[in-house]
Amino acid sequence: MTDNILIIDFGSQVTQLIARRVRESGVYCEIHPYNRVDRIYLASYKPNGVILSGGPSSVIQDKAPRVPEAVFESGLPIFGICYGQQILCNQLGGVVEPHDHREFGKAMVEVSEECTLLDDTWDVGTSNQVWMSHGDRVTHLPPGFRAVGISEGAPNAIVADDNRKYYGVQFHPEVVHTPGGAALLKNFTHNIAGCSGDWSMASFRSEVTTRIKNQVGDGRVICGLSGGVDSSVVAVLLNEAIGEQLTCILVDHGFMRLNEANDVVSMFRDHFSISLVHRDASDLFLGQLANVIDPEIKRKIIGGLFIDVFEEEAKKLGGAAFLAQGTLYPDVIESVSFDGGPSVTIKSHHNVGGLPDRMNMKLVEPLRDLFKDEVRALGRELGMPEAAIARHPFPGPGLAIRIPGQSITKEKLDTLRQADAIYLDEIRKAGLYDKIWQAFAVLLPVKTVGVMGDARSYEYACALRAVTSTDGMTADFYPFEHDFLSHVSTRIINEVKGINRVTYDSTSKPPGTIEWE
C-alpha cells in the first residue's frame, strides 16, 4: 500500500465520518489518537497527508490536546477541521479566542480568494452551506496563512498556507450538512496530498488476507459465528486466508431469532464447506441470566460465557491460539475513549467488552477498521450470497437485550421470536427490508388490559423498532405507513400468544440508541 492518510483524532463525535469520506474517494486512511502519534509511527505508516479532526476541547484551556511536533517536522500536507484548524493555527503562531457569536448548525461561508482546497468546488464570490459547531475561533492567522473564506461567526472560516500545504476550515466538511464537504476532502487527499485514489475492497481483501496469515502463522483459529453479517464475513475471509486452520463455533445461547441456528449451520456447512461446531448452550446462558435485569450485567455475563464456551471447545479441538471476532469501528467508538482516558460509556459491546482476563487466546479482528457498509462490500468481493450480506445487524447478546427490565425466560424468548418473525416477514413482503438498516421487536416489561374474544386479557406489550442509517453511528426511525403498522400489529396480536398490545418506537439516535439495551 502506497497511498495513506492519517487522521489524528482529538475526540470529535464525527471523526469516523472523516474516514468514511476519505475511503469513499478511494484512499485508505487510519484514525489514531493525538497522543499516540510520534516520529516512529509516522516513519512506519508513511502517510501522504494528515487530517486533524475536531474535538470538544478549547485550544485556550490548560493541557489542551496538541498536534504532535513530529507532524510538523514531517513536512506532510495538513488539513485541520474545526478544533483541528484552531490548534493548527495556535501552534504555528496564530491566535484563537472565544467569542459571543458562536455558530452551531447550518451556516454560510463566502469564498473570498482562490486556493487548491477549493478547486472545482467553490468559486470566489459564492456563498456555500456548511455545518458549524464552535464557540472559539481563529482571530489572527499564523505567518504564511491567508483567509480564503469567511462566515458570520468566523472571520477565518477557511485558511490556507499554500507553500507548506497547510489548510484549515472552521466547519465540518465530513457531515452531510456540508454539501460540498466530500469534494473538499477529496481535493486535499488527491490534489494536495497526491493520493491516487485506487484503494478498494479488492485491495483491502488482499492486504487483510496477508495480515491474517502473518499474524496467525500456523496456529489454529476459532471464529465465533452468529450468522450475522460481521461474523459471516470474518469466517469466509479467514477460510480464504488460512483454510483448515479455521474452525467456526456457533454458540447457541438461546437468544437467536426463529430457526436462525439451523439456518446458519446449513449455510456454512453446505454452502461454504467451513468446519463448524454447533454448541447448544442455551440452558447454561438462561441459568446464568436468571433474575438478571441490568443490561450492562447481561452483556458482561454473556460476553464472559461466550469465552468460557470457546475455551472449552478449543480444548476439545486440541487447542487454539486465536479467537476471531467481527469487531467494527462503531463497536469500538461507543466503548472506548479516544485518548484512552476516562469516558462516558454509552454501552459495552459484546465484541469489545466483558472478556475475562484469563482468556488464553489472542484476538484476530480483521474488520476492526471497517464500517458496516464496507463489511458488506467486502462480503460481495468475497463472493458471498446477497441474502447473507444484506442481513440486518443483530447484536451478540441477541434477544436477551430485547427483553428489557425483566427476567429472561424461555417462554418470553419464544413469544418475542414469534413477534419478531412476523414483523420481519411483513417488512420483506412489503419490499422494505433493504431500505431499513435494522428492524426488530422488543418485549416490554409491561402487561396491559385488553379484550380478546369478549374476554379480558392481561398480556405483554410489544414495541416495534425500525431505523435507517449508513454506519450505525446515527440513525432515524423508518416512517412506515399507518396501514402497514396496523396490519403488523393485527398479525402479532392474533398469532402470538402472550401479546395484546403493539407500539412503534419513533426515537432517533441520538438521543436514543438503536437497541433498547
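Residues numbered from 1 in each chain as written. Predicted model: local features only at pLDDT ≥ 70, side-chain atom pairs only at ≥ 80, totals over all residues. Heavy atoms only, no water.

Asker: Let's hear about a negative patch on the surface: which residues, and what values?
Answerer: Together, Glu114, Asp119, Asp120 and Asp123 give the surface a local cluster of negative charge. Its location among the elements puts glutamate 114 in the loop between β5 (95-111) and β6 (127-140). (Patch = residues over 30% accessible without salt bridge, like charges linked within 9 Å, V, L, I, M, F, W, Y side chains within 5 Å. Areas by Shrake-Rupley, 256 points an atom, 1.4 Å probe, with all protein chains shown as cover. Salt bridge = Lys/Arg side-chain N within 4 Å of Asp/Glu carboxyl O. Lys, Arg positive; Asp, Glu negative; His and termini not counted. Charge placed at Lys NZ, Arg CZ, Asp CG, Glu CD. Helix = DSSP H or I, 4+ residues; strand = E, 2+ residues; numbered from the N terminus.)

Asker: Any details on the packing of helix α7 (residues 229-242) against helix α12 (residues 372-381)? Residues and values, ideally.
Answerer: For the pair α7 and α12, the least separation of the axes is 10 Å and the interaxial angle reads 40°. The angle between α7 and α12 falls in the class oblique. Between α7 and α12 lies a crossing whose hand is left-handed. Along the contact surface, α7 presents Val229, Asp230, Val233 and Leu237, while α12 presents Lys372, Val375, Arg376, Leu378 and Gly379. (Axes fitted to C-alpha atoms, helices over the stretch in contact; angles between N-to-C directions. Parallel < 35°, antiparallel > 145°, perpendicular 65-115°, else oblique. Left-handed = near helix turned anticlockwise from the far one by under 90°. Contact = heavy atoms within 4.5 Å.)

Asker: Kindly report on the sheet that holds strand β13 (residues 322-324), identifying the contributing residues and their values.
Answerer: Taken in spatial order, the five strands make up an open sheet running β12-β11-β10-β13-β14, and their pairing is parallel. Both outer strands of the open sheet, β12 (276-280) and β14 (362-364), are each paired with one neighbouring strand and no more. Sheet twist, expressed as the mean angle between neighbouring strand axes with direction ignored, is 30°. Here strand β10 (residues 221-224) runs beside strand β11 (residues 246-252); their pairing, made up of four bridges, is parallel. Paired with glycine 224 across the strands is isoleucine 249, a residue of β11. Packing against the sheet, helix α6 (residues 201-216) makes contact with β10, β13 and β14, and its axis sits at approximately 165° to β14. (Pairing = 2+ DSSP bridges.)

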